[in-house]
Amino acid sequence: MADWFSNLELLSKIYWLTAILGSLVFSVVMIMAFTGGDADDIDGDIEAGFQFISFKNLVGFFTIFGWSGIACIDAGLSTPLTIIVSTVCGLLMMVIMATLFYFISKLTDSGTLNYKNAIDAVGEVYLTIGEDRSRMGKVNVSVQGTMRELDALTDSLTPLKTGTIIKVVDVTSNGILIVDQTRKPIEASKVQPDPLLSNDTQKKISN
């Protein structure tokens, strides 16, 4: 192996080293990305939209840059053409990886419950909530288009019993809803008296 490598030309050595090292790092990054690890911690990337230049994308660039350069050399292409083709292939890989991780982050975000989205939602008490945050209960509220059963507390001086209509007014840092009984209950419509009816008839209708 050592003799084989030492007999290579300088350009071939560069491409082989780039391809091998890039492949090793690329494998680790992909394993971390798809098995729950956070490869972004390596260089502090934050998935906040489409990112072309990131650690993962650069690893993909050098991996494909190396292997495509080796393929060009084996095909007998000239040095300038080899460099151009390998660079273009590496850039295309960066675009593909940036797009892939962008859509993965979108899918992850859409499936993650953001409790702040529950603020101002109206729901119903499922398990009685103790007064003045004395006992945690549960409420049914619609969050992000889905009806969910979530833990809740209240600042009300009276307990909120099962079936009480509530409104979410705040959310604690650990995801517990702060709710309050709705202040505007639905009122029954009042029948307006008909001036053409006699007083006796109106009293019968109202009774």
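Here, the structure is the one placed above.
So, a few notes on the structure that sits alongside this text.

Criteria and thresholds
- Counting of residues starts from 1 at the beginning of each chain's written sequence and follows it residue by residue.
- Only residues with pLDDT of 70 or above have their local features reported here, since the model is predicted, and side-chain atom pairs are shown and tallied only from 80 upward, although totals for entire chains, interfaces and linings are computed over all residues.
- Side-chain figures throughout are based on the complete set of non-hydrogen atoms in the structure, without hydrogens or water.
- In this text, helices come from DSSP runs of H or I with a minimum length of four residues, and strands from runs of E with a minimum of two, each type numbered from the N-terminal end.
- Each helix should span, by expectation, one fewer than its residue count multiplied by 1.5 Å.
- With a 1.4 Å probe rolled over the protein chains alone, any residue whose accessible area is under 20% of its type maximum counts as buried; one over 50% counts as exposed, and the rest are partly exposed.
- Only rings of Phe, Tyr and Trp enter the pairing, Trp through its six-membered ring, and a pair is recorded when the two centres are within 6.5 Å. The plane angle decides the type: under 30 degrees is stacked, over 60 is edge-to-face, the rest tilted.
- A pair is scored as a salt bridge if a Lys or Arg side-chain nitrogen falls within 4 Å of a carboxyl oxygen belonging to Asp or Glu.
- Two strands qualify as a pair provided that DSSP identifies no fewer than 2 bridges between them.
- Interaxial angle, 0 to 180 degrees, is taken between N-to-C directions of lines fitted to C-alpha atoms, where a helix line uses only the stretch in contact.
- We call a set of buried Ala, Val, Leu, Ile, Met, Phe, Trp, Tyr and Cys residues a nonpolar core when their side-chain atoms join them within 4.5 Å.

**A look at helix 3 (residues 55-74)**
Moving on, step 1. Over its 20 residues, helix 3 extends 29 Å from the first C-alpha to the last, a length consistent with the 28 Å expected when each residue adds 1.5 Å.
Moving on, step 2. Considered for burial, the residues of helix 3 that qualify are K56, N57, V59, G60, F61, T63, F65, G66, S68, G69, I70 and C72.
Moving on, step 3. The first or second residue beyond helix 3 is G76, which carries a positive phi of 85°.

**Here we look at the packing of aromatic side chains**
How two aromatic rings sit relative to each other is set out by the distance from centre to centre and by the angle between their planes.
Moving on, step 1. Inspection of every chain in the model, using the stated rule, returns four aromatic pairs.
Moving on, step 2. Between the aromatic rings of Y15 and F65, the centroid separation amounts to 5.0 Å while the plane-to-plane angle is 35°, which identifies the pairing as tilted. One end of the pair, Y15, is in helix 2 (residues 10-34); the other, F65, is in helix 3, and 50 residues separate them in sequence. In terms of burial, Y15 and F65 fall into one category: buried.
Moving on, step 3. Following the ring pairs from residue to residue traces out a cluster consisting of Y15, F61, F62 and F65.

**Concerning the pattern of salt bridges**
Moving on, step 1. Scanning all chains against the criterion turns up two salt bridges.
Moving on, step 2. A salt bridge links K138 to D151; the nearest nitrogen and oxygen atoms lie 2.6 Å apart. Taken as a pair, K138 in strand 2 (residues 137-143) and D151 in strand 3 (residues 146-154) lie far apart in primary sequence, 13 residues in all.
Moving on, step 3. In this structure D151 comes out as partly exposed when scored by relative accessible area, which is 30%.

**Side note on the sheet that holds strand 5 (residues 177-181)**
Moving on, step 1. Ordered by their spatial adjacency, five strands build a closed barrel running 1-2-3-5-4, and the pairing between neighbours is mixed. Neighbour-to-neighbour, the strand axes of this sheet turn through a mean angle of 55°, independent of strand direction.
Moving on, step 2. In this sheet, strand 3 lies alongside strand 2 in antiparallel orientation, the contact comprising seven bridges. What sits directly across from V143, in strand 3, is T146.

**Considerations on the nonpolar core**
Moving on, step 1. With 14 residues, the main nonpolar core has I129, V139, V141, I166, V168, L177 and V179 as its most contacted residues.
Moving on, step 2. Looking at this core, the elements with two or more residues in it are strand 2, strand 3, strand 4 (165-171) and strand 5.
Moving on, step 3. In this structure, F26, V29, M30 and M97 belong to the second largest nonpolar core, which totals seven residues.

So far we have only geometry, and geometry alone does not tell us how the molecule works.
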